[in-house]
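# Fold and geometry: a report
Chain by chain, the residues:
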Amino acid sequence: MRFRKLKYFITVAEELHFGRAAARLHIAQPPLSQQIKAIEDEIGAVLFERSSQKVSLTPAGEALLPQARALLQDWEKIQEQVRSIANGTSGNLSLGFVWAAGTPHFSKGIAQFKQDNHGVTLNLEEMTTTHALDALRTEKIDLAMIFLNPLMDITDLEHQGYETQKHLLALPENHPLAQKESVPLSDLHQLPFISFVRQAHPSLYDQIMHHLHAAGVEPDIVQIARLTQTTRTLVAAGVGIALVPESTQFDQREGLTYRPIDGVLPELDIHFVWRKNSLTPLMERLIAHLQAQVPKQ
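Residues numbered from 1 in each chain as written. Predicted model: local features only at pLDDT ≥ 70, side-chain atom pairs only at ≥ 80, totals over all residues. Heavy atoms only, no water.

### Some remarks on the overall build of the protein
A count of helices and strands for the protein gives nine helices and 13 strands. Since a compact globule built from 297 residues should have a radius of gyration of about 19 Å, the 32 Å found for the protein marks it as more spread out than a globular shape. With the principal axes as the frame, the protein shows a C-alpha extent of 105 × 35 × 30 Å. Relative to its full complement of 297 residues, the protein shows a buried share of 44%. Put simply, of all contacts in the protein between residues at least 6 apart along the chain, 72% involve residues at least 24 apart. Accessible surface for the protein amounts to roughly 16100 Å². Of this, 51% is attributable to carbon and sulfur atoms. (Helix = DSSP H or I, 4+ residues; strand = E, 2+ residues; numbered from the N terminus. Rg over C-alpha atoms; globule rule 2.2 N^0.38 Å. Buried < 20%, exposed > 50% of the residue type's maximum accessible area, 1.4 Å probe, protein only. Contact = heavy atoms within 4.5 Å. Areas by Shrake-Rupley, 256 points an atom, 1.4 Å probe, with all protein chains shown as cover.)

This is the structure in structure tokens:
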């Protein structure tokens, strides 16, 4: 209400005529005069000299005018900032994501979102599933994109699906299995494997091993790679083969090729995850935007 009174004061000060000021404000003149009198009573100073011929600012009114304009401009900026946060067009958002989410459509979606929302600051960090969940629970990030499966306990969190990927077999391009269009799972028995660190995605690791053993495949794990880049480098160098998300093929590397697998392996379900009761309009807009970029199957 006080900001409205300031607007009344500024309008009268600009018009120096109560009738014209009332017309600009779309109110009747008597209520406007009453509001100006109320401001003067509250401040304890006369702001306008009034006569039948003219209205003019007193020294007190002249001192108040620039301050009133500045206060009103600040209030309008505050309202705009609050509205933009409320509708998700500004603010800060930290997102932790597993490397498999780094597809061309993910990168394009992030770039387009930043271009369309200059008031938004996105802080992006590649993380393992375990790291992302820890960061989420300790409020170091706002939103996570992780591998999710029924074995995981995330009852304290909320989630929504992003996309599902299949596993591919990463091979040196001169490997005998690279001659096949697709590779039966049974062909992987006792071949040298490069594996990711179990602690990074424990449920996924256990599922993969369960399916390999069910197919009679005993992998010979010769190397543990902490980073996807390391896995690709080791495979290209002929150290071993690796099971990788299909998104890995988008990052081509010399000496490396990929083949689909004939056999049962767990699908890679990537979900958005956030703390309960923490979903903001900005998070909702980003989730919906990224989901819209995923190619339809």
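### Section: the sheet that holds strand E8 (residues 183–184)
The four strands lie next to each other as E8-E12-E7-E11, forming an open sheet whose pairing is mixed. Pairing within the sheet leaves two strands with one partner each, and these edge strands are E8 and strand E11 (242–245). Strand direction decides the pairing type here: strand E7 (residues 167–172) and strand E12 (residues 256–262), joined by five bridges, are antiparallel. Bridging across to E12, Leu169 finds its partner in Arg259. Docked against the sheet, helix H8 (residues 228–236) engages E7, E11 and E12, running at close to 95° with respect to E12. (Pairing = 2+ DSSP bridges. Axes fitted to C-alpha atoms, helices over the stretch in contact; angles between N-to-C directions.)

### Here's the deal with the packing of helix H1 (residues 2–15) against helix H2 (residues 18–25)
Across the interface, H1 lies against H2 with an axial gap of 8 Å and an inter-helix angle of 130°. The angle between the axes of H1 and H2 places the two elements in the oblique class. Seen from above, H1 lies across H2 with right-handed handedness. Taking contact as the criterion, the partners of Lys7, Tyr8, Thr11, Val12, Glu14 and Glu15 in H1 are, on H2, Phe18, Arg20, Ala21, Arg24 and Leu25. Here the contact of H1 with H2 is composed, by residue class, of five nonpolar, one polar and five charged. (Parallel < 35°, antiparallel > 145°, perpendicular 65-115°, else oblique. Left-handed = near helix turned anticlockwise from the far one by under 90°. Nonpolar A, V, L, I, M, F, W, Y, C, P; charged D, E, K, R; others polar.)

### Examining the packing of aromatic side chains
Centre distance and the angle of the planes are the two values used to describe a pair of aromatic rings. Going through the model one piece at a time under the given rule, you end up with seven aromatic pairs. Aromatic side chains Phe3 and Trp75 sit 4.7 Å apart centroid to centroid with 10° between the ring planes, which places their arrangement in the stacked category. One end of the pair, Phe3, is in helix H1; the other, Trp75, is in helix H4 (residues 59–86), with 72 residues separating them in the sequence. Plain terms: the ring middles of Phe9 and Phe48 are 5.5 Å apart, the flat faces sit at 55° to each other, and that makes the pair tilted. (Phe/Tyr/Trp six-rings, centres within 6.5 Å; stacked < 30°, edge-to-face > 60°.)

### Details of the nonpolar core
In terms of nonpolar packing, the biggest core is built from 58 residues, with Leu143, Met145, Ile146, Leu169, Leu188 and Leu243 touching the most fellow members. Membership of the second largest hydrophobic core comes to 21 residues, among which are Tyr8, Val12, Ala21 and Leu25. (Core = buried A, V, L, I, M, F, W, Y, C linked by side-chain atoms within 4.5 Å.)

### Here we look at a nonpolar patch on the surface
Together, Phe3, Leu71, Trp75, Ile78 and Val82 line one region of the surface with nonpolar side chains, adding up to about 420 Å² of accessible area. Among the elements that make up the nonpolar patch, the one with the highest residue count is H4 (four residues). (Patch = residues over 30% accessible without salt bridge, like charges linked within 9 Å, V, L, I, M, F, W, Y side chains within 5 Å. Salt bridge = Lys/Arg side-chain N within 4 Å of Asp/Glu carboxyl O.)

### Focus: unusual backbone geometry
The residue Glu139 is not glycine, and still its phi comes out positive at about 60°. Structurally, Glu139 can be placed in the loop between helix H6 (129–137) and strand E5 (143–147). By relative accessible area, which is 59% here, Glu139 ends up exposed. Here Gln190, not a glycine, exhibits a phi torsion of approximately 65°, which is positive. With respect to the helices and strands, the residue Gln190 is situated in the loop between E8 and strand E9 (192–196).

### Examining the pattern of salt bridges
Summed over the entire model, instances satisfying the criterion amount to 11 salt bridges. With its nearest N and O atoms 3.0 Å apart, the salt bridge here joins Arg24 to Glu14. Here Glu14 lies in helix H1 and Arg24 lies in helix H2, a separation of 10 residues in the sequence. Its salt-bridge partner being Glu14, residue Arg69 comes within 3.2 Å of it at the nearest N-O pair. You can see Arg69 sitting in helix H4 and its partner Glu14 sitting in helix H1, a full 55 residues away along the chain. Residue Glu14 is classed as partly exposed on the basis of its relative accessible area of 39%. One continuous salt-bridge network, built from bridges that share partners, spans Glu14, Glu15, Arg20, Arg24 and Arg69.

### Looking at H2
Looking at H2, one finds that the buried residues are Phe18, Ala21, Ala22 and Leu25. In an axial view of H2, the angular spread of the buried residues amounts to 100°, which keeps them on one side of the axis. In this fold, the buried residues of H2 make contact with H1, helix H3 (29–43), strand E1 (48–50) and strand E2 (55–57). Of the residues one or two after H2, His26 is the one with positive phi, at around 60°. (Arc of directions from axis to C-beta.)

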